[in-house]
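A structural walkthrough
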Amino acid sequence: ELEILNLKIKNSQSEDAINIVSSNTKIENLDIENSFSDAIDIDFGNVSFSKITCSNTKNDCFDVSGVNVSGEQIISKNSNDKAISFGENSSGHINLVNLEDNFLGIAVKDGSILKIDTGIFNGNNYDASIFKKKNEFGNSILKIKNKDLKDLNILVGKNNDFILGDQHYIHKKLDNKYIYNLFY
């Protein structure tokens, strides 16, 4: 078990500011600024959090693989890669994401399912991508409850799903390899 309480990290030069493997993790008020690589990277296990804030991250703000996630709020501003990377059969629910000026707001991939109650997207190059990166995993789903979002820049790979409110994405779905090549 791991608890992170009221932690602020500035100017991390390591591979990841925080890297957690195979743990039950509770995070309350984590703030990471100017991370050289990923801000927080979690592989396998469970994580619950109240608030995670990232600013000026060279890679991802919140990167999970094989993780069960239950969270209140993620704020990411100016991540050069993904604000949220949700992969390898991760599943979870986040109440609020506020994503601004990131290269990619949310990537849901490789059999993962992410449900978000409220999404705020401003100035991201891409707001979300839902696709299969690795053939050994299944298809992915991103569901955002607040259906009043407009003008989202979303990329959905074939056989994956994006649901806004109660409406399934009906536009042309792209080849998963095309989306993969944009982001990796």
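These figures come from a predicted structure and were not determined experimentally.

Conventions and cut-offs
- Residues numbered from 1 in each chain as written.
- Predicted model: local features only at pLDDT ≥ 70, side-chain atom pairs only at ≥ 80, totals over all residues.
- Heavy atoms only, no water.
- Phe/Tyr/Trp six-rings, centres within 6.5 Å; stacked < 30°, edge-to-face > 60°.
- Helix = DSSP H or I, 4+ residues; strand = E, 2+ residues; numbered from the N terminus.
- Buried < 20%, exposed > 50% of the residue type's maximum accessible area, 1.4 Å probe, protein only.
- Pairing = 2+ DSSP bridges.
- Disulfide = S-S within 2.5 Å.
- Core = buried A, V, L, I, M, F, W, Y, C linked by side-chain atoms within 4.5 Å.
- Contact = heavy atoms within 4.5 Å.
- Arc of directions from axis to C-beta.
- Polar contact = N/O pair within 3.5 Å; in protein donor to acceptor, adjacent residues only side chain to side chain.

Applying the stated criterion to the full structure yields seven aromatic pairs. Judged by centre distance (5.8 Å) and plane angle (70°), the rings of Phe103 and Phe183 are edge-to-face. Of this pair, Phe103 sits in the loop between strand S6 (91-100) and strand S7 (104-109) while Phe183 sits in helix H1 (residues 176-183), placing them 80 residues apart in sequence. Using a relative accessible area of 25% as the deciding quantity, one classes Phe103 as partly exposed. Measuring from ring centre to ring centre gives 6.4 Å for Phe162 and Tyr169, while their planes differ by 65°; the resulting arrangement is edge-to-face. Accessibility expressed as a relative area gives 18% for Tyr169, which makes it buried.

Before going further, it helps to spend a moment on the pairing of strand S5 (residues 82-87). Side chains on a regular strand alternate between the two faces of the sheet. Of all six residues that make up S5, six are buried, and the element is covered over most of its length. With four bridges joining them, S5 and S7 adopt parallel strand pairing. Bridge pairing links Ser85 to Ala107 in S7.

So, on to the state of the cysteines. One pass over the full model with this rule turns up one disulfide. One disulfide bridge connects Cys54 with Cys61, the sulfur atoms lying 2.2 Å from each other. Disulfide Cys54 to Cys61: torsion about the S-S bond roughly 70°, handedness right-handed. For the pair Cys54 and Cys61, one class covers both residues: buried.

The biggest cluster of nonpolar side chains holds 42 residues, and the ones touching the most others in it are Phe62, Ile84, Ile106 and Leu142. For this core, the element with the highest residue contribution is strand S3 (residues 38-57), accounting for seven residues. In this structure Ile84 touches Phe62, Ile74, Ile94, Val97, Leu99, Gly105, Ile106, Ala107 and Leu114, once residues within four positions along its chain are discounted.

Think of an α-helix as turning once every 3.6 residues; residues three or four places apart then point the same way. Within H1, the full set of buried residues consists of Asn176, Ile179 and Phe183. Along the axis of H1, the buried positions cluster into a sector of 65°, meaning they face one direction only. Elements in contact with the buried residues of H1: S5, S7, strand S9 (126-131) and strand S11 (154-156). One side-chain oxygen at the N-terminal end of H1 lies 3.0 Å from the backbone nitrogen of Lys177; it belongs to Asp175.

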